[in-house]
Amino acid sequence: MKPPPFEYFAPASLDEALALMAEHGWDAKPLAGGQSLIPMMNFRLAQPEVLVDLNPVGELAYIRPADDGGVLIGAMTRHKVVQFDELIAERAPLVHDAMPRIATHQVRNRGTFGGSLAHADPAAELVSISLTLNARLKLQSASGERWVAAEDFFLGLFTTALEPEEILTEIHLPPMPGRSGWSLQEVARRPHDFALMGVAAVVTLDEDGRCAAASLSYLSAGDRPMKGEHASQVLLGEKPSAELFRAAAEAGASQDIEPSDDIHASAEFRRHLANVLTRRALEEAFARAAA
Amino acid sequence: MSKLFDLQVTVNGKSYQRQVEPRMLLSDFLRHELGLTGTHVGCEHGVCGACTVLFDGEPVRSCLMFAPQAHGHEIITVEGLGTIDQLHPLQEAFRDAHGLQCGFCTPGFLTSLVPFLESHPNPTEDEIREAISGNLCRCTGYVHIVEAVKLAAEKMHGGQA
Ligand SMILES: Cc1cc2nc3c(=O)[nH]c(=O)nc-3n(C[C@H](O)[C@H](O)[C@H](O)COP(=O)(O)OP(=O)(O)OC[C@H]3O[C@@H](n4cnc5c(N)ncnc54)[C@H](O)[C@@H]3O)c2cc1C
Ligand code: FES
Ligand code: FES
């Protein structure tokens with residue numbers, strides 16, 4: 001199908017883009033990589049009256065070291081750039097590992113980090129990972145800026161804390177503490193397809209080799225990225241063991257997710273996958289933390 | 001109808017100026033405005049890959065861009081890869097190795113693979129399968145496409161093992 005008519009603006013700077021968003025508010029949408037918005041417009045599931053194209057706003061595409069040892073990512077940084085960036089590989093290995101699983105290379109040539117988060121698809125890797133990593137998101141408008149934690153950003157299916165006139169401009173990924181390990185586990189028809197179920201985990205060991213911190217989140221497991229609170233509770237203060245991983249996986253798969261039935265998989269099968277994938281994620285993450 | 005956009009774009013080395021509605025997809029612009037019907041349209045939601053073109057040298061879905069977004073940029077479509085008399089070695093290889101049957105998917109495969117073969121002169125089968133994983137073919141079963149890519153790599157970079 002074809003998209004409905006709209007007015008098109010190609011601002012050359014962030015200030016110009018913010019002014020356009022302030023002027024057009026509810027009727028306007030930023031256009032990033034267009035890899036989710038344009039399909040939705042082609043299906044007429046989205047019918048914005050105004051598009052503010054962020055592609056000419058070069059100042060929003062960057063990856064920089066953050067003072068705290070983490071990374072700052074400009075919202076318009078394309079998946080392809082993140083995939084091959086050395087700083088990301090070093091400081092945010094979970095993100096690095098996720099990139100080849102996000103769509104095919106033609107889509108990664110256009111799709112952006114900020115667009116993926118703003119779109120808030122609960123099946124998207126970066127959405128769940130930003131929750132696992134406790135990312136912070138910078139939201140700007142013509143009248144100011146605010147930082148929002150990933151936890152407070154994702155409100156529901158395709159729904160975020162963004163106000164109509166706001167643009168997501170920067171993502172801060174804090175560093176992982178020492179003695180930490182990570183893992184991303186998914187089941188998908190093909191590696192880069194949207195996953196039927198997935199889990200992203202970061203765990204940290206203390207001096208005695210006990211679990212000092214654990215952060216898990218699930219993708220394709222509810223109407224938003226689902227935090228593995230119960231799974232983490234089982235792990236905290238304990239020594240890693242196969243038995244512990246089984247108990248945590250059981251808790252995560254039964255209490256932390258709200259999967260639904262669709263044409264791709266039943267909710268029951270998704271819970272089964274969550275259980276198996278959590279166990280695998282914990283094995284890999286704790287092995288990396290101990291290494 | 002919304003305000004028309006004054007578009008200047010270079011396609012296959014030739015500069016074009018056109019007034020377009022902002023909502024016109026790049027795929028439709030290439031096909032309907034420029035008559036370059038080698039770019040095919042299968043799904044219009046980014047899944048099939050038939051509409052793939054090179055945008056500033058990189059393969060992208062032309063069904064997931066609006067024509068005005070190409071303003072000031074360079075596009076290469078399947079028509080720009082070779083001529084009837086002198087096919088691109090990749091096109092020759094597709095013909096010689098039976099990498100196509102109906103040919104609907106072929107332009108998308110070719111445009112996706114040209115930059116791939118430049119960065120992977122001697123690709124493994126796994127690399128080839130990954131490179132074509134964003135393009136659907138309903139006829140060939142892919143085996144002959146993989147063969148064609150191997151043959152093209154030999155033709156283009158022969159002996160560089
Ligand atoms: C065939 C196909 C397969 C895919 N497979 C996967 C997959 O396996 N995993 C995955 O995670 N993703 C997948 N995607 C989605 C892809 O990663 C998209 O690129 C991404 O979800 C959206 O990013 P975008 O830059 O294209 O955003 P757009 O499509 O441009 O925008 C998406 C939404 O976010 C808003 N928006 C964008 N940027 C901003 C901003 N800076 N501030 C405020 N609002 C903003 C837009 O207004 C729009 O509502 C797939 C896409 C396709 C077409
Ligand atoms: S028509 Fe563009 S990907 Fe199918
Ligand atoms: S040759 Fe017919 S779809 Fe590929």
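The structure presented is a predicted model; accordingly, all values stated were derived computationally and were not measured.

**Observations concerning the overall build of chain A**
Phase 1 of the analysis: When helices and strands are tallied, chain A shows 12 helices and 14 strands.
Phase 2 of the analysis: With respect to the principal axes defined by its C-alpha atoms, chain A has extents near 60 × 45 × 30 Å.
Phase 3 of the analysis: For chain A, the residues scored as buried account for 58% of the 291 residues in total.
Phase 4 of the analysis: When contacts within chain A are restricted to residue pairs at least 6 apart in sequence, those whose partners lie at least 24 apart make up 63%.
Phase 5 of the analysis: Positive and negative charge centroids in chain A, built from 26 and 40 side chains respectively, lie 6 Å apart.

**Some words on the domain arrangement of chain A**
All names here are of chain A.
Phase 1 of the analysis: Entries for chain A in the domain assignment read domain 1 (7-53), domain 2 (58-173) and domain 3 (180-290).
Phase 2 of the analysis: Computed over C-alpha atoms only, the centres of domain 2 and domain 3 are separated by 21 Å.
Phase 3 of the analysis: Taken together, the contact pairs 26 residues of domain 2 with 25 residues of domain 3.
Phase 4 of the analysis: Carbon and sulfur atoms make up 61% of the area that domain 2 and domain 3 hide from each other, which totals about 2,000 Å².
Phase 5 of the analysis: For domain 2, the biggest contributors to the area lost against domain 3 are Arg101, Pro122 and Thr132; these three give 28% of the whole.
Phase 6 of the analysis: Put simply, domain 2 and domain 3 have 1 salt bridge between them.

**Here we look at the pattern of salt bridges**
Phase 1 of the analysis: Counted by the stated rule, this structure contains 18 salt bridges over all chains.
Phase 2 of the analysis: A:Arg146 serves as the salt-bridge partner of A:Glu166, at 2.7 Å between the closest nitrogen and oxygen. With A:Glu166 in the loop between β9 (159-160) and β10 (167-173) and A:Arg146 in strand β7 (residues 144-149), the pair connects residues that are 20 residues apart, well separated along the chain.
Phase 3 of the analysis: Using a relative accessible area of 32% as the deciding quantity, one classes A:Arg146 as partly exposed.
Phase 4 of the analysis: Salt-bridge contacts for B:Lys150 lead to B:Glu147; the nearest nitrogen and oxygen are separated by 3.9 Å.

**Quick look at the packing of helix α2 (residues 89-96) of chain B against helix α3 (residues 106-119) of chain B**
Residue and element names in this part refer to chain B.
Phase 1 of the analysis: Axis separation between α2 and α3 bottoms out at 10 Å; the angle between their running directions is 125 degrees. By the angle between their axes, α2 is oblique relative to α3. Read as a crossing pair, α2 and α3 show a hand that is right-handed. In this structure, α2 uses Leu90, Gln91 and Phe94 to contact α3, whose residues at the interface are Thr106, Phe109, Leu110, Leu113, Val114 and Leu117.

**A short note on the packing of aromatic side chains**
Phase 1 of the analysis: Applying the stated rule across the entire model yields 5 aromatic pairs over all chains.
Phase 2 of the analysis: Considering the side-chain rings of A:Phe245 and A:Phe286, the 5.2 Å spacing of their centres and the 20 degrees angle between planes classify their relative orientation as stacked. Placement of the pair is A:Phe245 in helix α11 (residues 242-256) and A:Phe286 in helix α12 (residues 267-290), with a sequence separation of 41 residues. Taken as a pair, A:Phe245 and A:Phe286 share a single burial class, namely buried.
Phase 3 of the analysis: Aromatic pair B:Phe109 and B:Tyr142: ring centres 6.4 Å apart, planes at 50 degrees, arrangement tilted. Of this pair, B:Phe109 sits in helix α3 while B:Tyr142 is found in the loop between α4 (125-131) and α5 (143-157), placing the two residues 33 residues apart along the sequence.
Phase 4 of the analysis: Over the aromatic face of A:Tyr62 sits the side chain of A:Arg64, whose NZ or CZ is 3.8 Å from the ring centroid.

**Let's talk about the packing of α11(A) against α12(A)**
All names here are of chain A.
Phase 1 of the analysis: Following both chains from N to C, one finds α11 and α12 inclined at 140 degrees, their axes separated by 8 Å at the closest point. When the axis of α11 is compared with that of α12, the two are oblique. The way α11 lies across α12 gives a crossing that is right-handed. Contacts between α11 and α12 involve Phe245, Arg246, Ala248, Ala249, Glu250, Ala253 and Ser254 from the former and Arg271, Ala274, Asn275, Thr278, Arg279, Leu282, Glu283 and Phe286 from the latter.

What counts and what doesn't
Residues numbered from 1 in each chain as written. Chains lettered and ligands numbered in written order. Predicted model: local features only at pLDDT ≥ 70, side-chain atom pairs only at ≥ 80, totals over all residues. Heavy atoms only, no water. Helix = DSSP H or I, 4+ residues; strand = E, 2+ residues; numbered from the N terminus. Buried < 20%, exposed > 50% of the residue type's maximum accessible area, 1.4 Å probe, protein only. Contact = heavy atoms within 4.5 Å. Lys, Arg positive; Asp, Glu negative; His and termini not counted. Charge placed at Lys NZ, Arg CZ, Asp CG, Glu CD. Domains from an automatic or database assignment. Buried area = accessible area lost by both parts, 1.4 Å probe. Salt bridge = Lys/Arg side-chain N within 4 Å of Asp/Glu carboxyl O. Axes fitted to C-alpha atoms, helices over the stretch in contact; angles between N-to-C directions. Parallel < 35°, antiparallel > 145°, perpendicular 65-115°, else oblique. Left-handed = near helix turned anticlockwise from the far one by under 90°. Phe/Tyr/Trp six-rings, centres within 6.5 Å; stacked < 30°, edge-to-face > 60°. Lys NZ or Arg CZ within 6 Å of the ring centre and 35° of its normal.

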